[in-house]
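# Notes for the structure review
This is what each chain is made of:
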Amino acid sequence: MHAKSGFRPVAGKRRPKGTRRLRMLAVLPLLASMLAACGDDEGAGRPTLNWYNFPDDSGALQEAADRCSQASNGRYTISYHKLPRAADGQRQQMVRRLAAEDDSLDILGLDVTWAAEFAEARWIREWTGAAKQQATEGTLRVPLQTSTWKDKLYAVPYNTNTQLLWYRKDLVPTPPKTWSEMMDMARELARQGKPHYVEIQGAQYEGLTVWFNTLINSAGGSILNPSATEPSLGPPAVRAAGLMRDLANSPAADPSLSNQMEDQNRLAMESGVAAFELNYPFVYPSMQTNNPELFKNFRWAPYPRVDANQVARPTIGGINLAVSAYSRHPDLAFEAALCLRNRENQLTAAVEGGLPPTLRSLYDEPSLIKAYPFAEDVLAALESASVRPLTPAYQNISIAISHTLSPPSGIKPESAVDTIREQIDEALRSEGVIP
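Everything quoted here is computed from the prediction, not taken from an experiment. (Residues numbered from 1 in each chain as written. Predicted model: local features only at pLDDT ≥ 70, side-chain atom pairs only at ≥ 80, totals over all residues. Heavy atoms only, no water.)

The next thing to look at is the packing of helix α9 (residues 235-248) against helix α18 (residues 413-429). Two quantities define a packed helix pair, namely the angle between the axes and the distance from one axis to the other. At a minimum axis distance of 9 Å, the contact between α9 and α18 shows a crossing angle of 125 degrees. Between α9 and α18, the interaxial angle falls into the category oblique. The two elements α9 and α18 meet at a crossing, and its hand is right-handed. Every residue of α18 that contacts α9 at Ala 237, Val 238, Ala 241, Gly 242 and Arg 245 is listed here: Pro 413, Glu 414 and Val 417. (Axes fitted to C-alpha atoms, helices over the stretch in contact; angles between N-to-C directions. Helix = DSSP H or I, 4+ residues; strand = E, 2+ residues; numbered from the N terminus. Parallel < 35°, antiparallel > 145°, perpendicular 65-115°, else oblique. Left-handed = near helix turned anticlockwise from the far one by under 90°. Contact = heavy atoms within 4.5 Å.)

A few words now on the pattern of salt bridges. Close approach of charged atoms lets side chains of opposite charge pair. Scanning all chains against the criterion turns up 22 salt bridges. Among the charged side chains, a salt-bridge network with shared partners connects Glu 63, Arg 67 and Glu 344. (Salt bridge = Lys/Arg side-chain N within 4 Å of Asp/Glu carboxyl O.)

Given two aromatic rings, one states the distance between the centres and the angle between the planes to describe the pair. What the rule picks out here adds up to 16 aromatic pairs. A ring pair is formed by Trp 51 and Tyr 80, whose centres lie 5.4 Å apart and whose planes are at 40 degrees; its orientation type is tilted. You can see Trp 51 sitting in strand β1 (residues 48-53) and its partner Tyr 80 sitting in strand β2 (residues 77-82), a full 29 residues away along the chain. A single burial state applies to Trp 51 and to Tyr 80, both of which are buried. Ring centres of Trp 300 and Phe 374 lie 5.5 Å apart, and the angle between their planes is 75 degrees; on these two criteria the pair is classed as edge-to-face. Within this pair, whereas Trp 300 is found in strand β10 (residues 298-301), its partner Phe 374 is found in the loop between α15 (366-371) and α16 (375-383), the two being separated by 74 residues in sequence. For Phe 374, a relative accessible area of 1% corresponds to the buried category. (Phe/Tyr/Trp six-rings, centres within 6.5 Å; stacked < 30°, edge-to-face > 60°. Buried < 20%, exposed > 50% of the residue type's maximum accessible area, 1.4 Å probe, protein only.)

This part covers the sheet that holds strand β11 (residues 317-323). Taken together, 5 strands build an open sheet; the order of strands is β2-β1-β3-β11-β6 and the sheet is mixed. Strand pairing shows two members of the sheet lacking a second neighbour, β2 and β6 (156-161), which therefore form its edges. Averaged over all pairs of adjacent strands, the angle between their axes in this sheet comes to 20 degrees, without regard to strand direction. Alignment of β6 against β11, held across 5 bridges, turns out to be antiparallel. (Pairing = 2+ DSSP bridges.)

Right, let's get into the state of the cysteines. Joining two cysteines, a disulfide is a covalent bond between their sulfur atoms. On inspection of all chains with the given rule, the structure shows 1 disulfide. Each disulfide pairs two cysteine sulfurs, and for Cys 68 the partner residue is Cys 339, the sulfurs being separated by 2.1 Å. Classification of the bridge connecting Cys 68 and Cys 339 rests on its S-S torsion, roughly -95 degrees, and on that basis the disulfide is left-handed. Placement of the pair is Cys 68 in helix α2 (residues 60-71) and Cys 339 in helix α13 (residues 330-340), with a sequence separation of 271 residues. We note that Cys 68, like Cys 339, is buried. (Disulfide = S-S within 2.5 Å.)

Put into structure tokens, the structure is as follows:
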């Protein structure tokens, strides 16, 4: 490590006596601390593995890092570093550092849409042998898809997420099974002057892409073909876009739909203006805390179907753990990543952090069921779930979709799908990593 000091005397003035000596004394401790940082803990025989992940406010991630550090019996220490809160900021920080071949990154918490991009850029290592066997054993099938690129495993699913339908039992005794039923119920509640909005993510961001992806997969289609080489879309995409437009132009639409994200949906439901909400399980403890009276009638059901005879396929989220291609301790990093997502740590992350686990066996765990009374519905949703397009060009594809479909009230289904198809085709033919 190199250190530079830029001391420069002020022109026309003499240095006070002893200044140089004082400055040197001030610099020496700084140099010592910088050299110590460069040496890590390796001088003492204990490498520090740097784990970069989303900022967790529950303490579950730090607890996992501490547990695994202790369980290593002095072989390594895991240092948990919090990435920016927004997913775009997380990706940008890691992309810049990996492009610079920064060897201080060891374990990377990747959004479920990043594995293909990072693998194609050769920034992360493939999981093979015993590590791969441990990573896949007992892990839910759909989350594993998000960790795979070109039939190779590049990450291990750490947690997952999926949306359910949340509703008010005092307004809706029996939850709707399809989008058509839900829209009819919302119209009838509006006619009666009762709370009737359907809260869903309609802002121009990733949530809008997720909504479209869920609907198109639920209608039997997909955004890309199976080999991810060209757009698929077709009639299911037109139908999905039409459903989005119909909701946005109906009494069911919140007036703020085109600006709403997950947290705005949560707040609207808690305020009492909505009858339905399509959102992630974090809304359950939030309603319990913020509106105990309304919580008494707060219920959940499977995500609405597009067709009554075809199960809905909500889009999953979550974080996968990858090992940096530039890690100085790759073998230890694979071992540590497996520890971080083991049964105990996934259970803690679920109960304390509200993050659904990726290990199938945990959904039978009494302590999880107690904290997640909807665990059975979450598991059912995960087993039939869809994933976002697995491609290094995903960021461009997502932007093309969210920009074209915003605002939802202005969607012209056929022309919108034509535009999306053209822009996806361009994205798939482009080269290089998205900045």
